[in-house]
Amino acid sequence: MQYQDLIEACQQEWQAYTEHDFVQQLAKGTLAKPSFLHYLKQDFLFLKHYVRAYALAIYKANSLEDMRQALPTVHALLDSEIAHHVAWCEQWGISEQDMEQEPEDFGTVAYTRFVLDAGMSGDLVSLYAALAPCSIGYAAIGRQLAQQSDTVWDANPYQTWLKLYSGDDFQSHVAQGATHFNKLLADIELTSQKGQQLIETFRTATRMEIAFWQQGLNQSGANL
């Protein structure tokens with residue numbers, strides 16, 4: 001099997017995630033500022049756990065090759081993606097210290113602990129099945145929004161977000177990770193017990209992504 005089989009098995013959830021109203025509003029520049037700020041702060045907290053999960057992938061790996069595959073993502077998350085979040089929030093008057101002290105929303109807690117539990121209780125491929133909707137999904141969203149004719153680039157307050165996830169660096173890094181994930185999946189039959197378990201892990205993580213967008217959208221009337 002390949003990761004595309006997981007997406008096809010969870011098509012309804014995948015579409016709800018990658019075409020969520022939060023994403024569409026962001027692309028048009030109409031997303032309410034409180035929604036975006038809530039998302040940014042929660043995503044900062046999420047990414048800290050995401051780094052831990054990739055560090056766990058190194059621990060779970062049985063070969064040096066698998067260990068080496070996870071390490072660049074740890075560096076990319078710490079040195080690039082989280083750094084972007086810090087820079088964005090500083091532009092909105094929110095410091096890194098403010099974000100560190102931000103309480104985790106329920107959706108953030110549920111998602112991050114699910115991913116870590118998938119890794120702790122399962123094997124390496126189970127962990128990657130829980131991680132994949134985030135990385136592969138954001139790459140898919142970035143490509144889609146870059147291709148949409150109604151995506152607003154000029155004077156869009158969220159242009160930096162659009163450029164990051166549609167950019168060559170992010171797209172290339174995710175593609176490399178997806179290739180490695182496919183190698184781990186190669187000997188697993190889709191209809192096998194393991195294959196079905198991976199589908200459910202992938203499906204649950206995708207549902208968590210939907211909830212993560214929604215918790216940000218629900219803040220549209222908040223005073224942040």
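Everything numeric in this text was worked out from a predicted model, so none of it was measured. (Residues numbered from 1 in each chain as written. Predicted model: local features only at pLDDT ≥ 70, side-chain atom pairs only at ≥ 80, totals over all residues. Heavy atoms only, no water.)

### Describing the overall build of the protein
Link 1 in the chain: A tally of regular secondary structure across the protein gives eleven helices and zero strands.
Link 2 in the chain: Each helix and strand of the protein, placed in order from N terminus to C terminus, yields the pattern α-α-α-α-α-α-α-α-α-α-α.
Link 3 in the chain: Computed over C-alpha atoms, the radius of gyration of the protein comes to 17 Å, within 12% of the 17 Å expected from 2.2 N^0.38 for 224 residues, which places it in the range of a compact globule.
Link 4 in the chain: A principal-axis box enclosing the C-alpha atoms of the protein has dimensions of 50 × 35 × 30 Å.
Link 5 in the chain: Residues classed as buried in the protein amount to 51% of the 224 residues present.
Link 6 in the chain: Accessible surface, the protein: about 10,600 Å² in total, of which carbon and sulfur atoms supply 50%.
Link 7 in the chain: Of the charged side chains in the protein, 14 are positive and 27 negative; the average position of the first set lies 3 Å away from that of the second. (Helix = DSSP H or I, 4+ residues; strand = E, 2+ residues; numbered from the N terminus. Rg over C-alpha atoms; globule rule 2.2 N^0.38 Å. Buried < 20%, exposed > 50% of the residue type's maximum accessible area, 1.4 Å probe, protein only. Areas by Shrake-Rupley, 256 points an atom, 1.4 Å probe, with all protein chains shown as cover. Lys, Arg positive; Asp, Glu negative; His and termini not counted. Charge placed at Lys NZ, Arg CZ, Asp CG, Glu CD.)

### Concerning the packing of helix α5 (residues 64-91) against helix α9 (residues 159-166)
Link 1 in the chain: The N-to-C vectors of α5 and α9 enclose an angle of 175°; their axes lie 11 Å apart at closest approach. In this view, α5 runs roughly antiparallel relative to α9, as classed from their interaxial angle. Residue-level contacts link Glu81, His84, His85 and Trp88 of α5 to Thr160, Trp161, Leu164 and Tyr165 of α9.
Link 2 in the chain: By residue class, the composition of the contact of α5 with α9 is four nonpolar, three polar and one charged. (Axes fitted to C-alpha atoms, helices over the stretch in contact; angles between N-to-C directions. Parallel < 35°, antiparallel > 145°, perpendicular 65-115°, else oblique. Contact = heavy atoms within 4.5 Å. Nonpolar A, V, L, I, M, F, W, Y, C, P; charged D, E, K, R; others polar.)

### Quick notes on the pattern of salt bridges
Link 1 in the chain: Under the defined criterion, the tally for this structure stands at seven salt bridges.
Link 2 in the chain: We note a salt bridge from Glu100 to Lys48, for which the minimum N-O separation is 2.6 Å. Of this pair, Glu100 sits in helix α6 (residues 96-100) while Lys48 sits in helix α4 (residues 33-60), and the two are 52 residues apart along the sequence.
Link 3 in the chain: The class for Glu100 is partly exposed, based on a relative accessible area of 39%.
Link 4 in the chain: A network of salt bridges, in which partner residues are shared, links Glu13, Glu200 and Arg203. (Salt bridge = Lys/Arg side-chain N within 4 Å of Asp/Glu carboxyl O.)

All we've got here are geometric facts, nothing functional implied.
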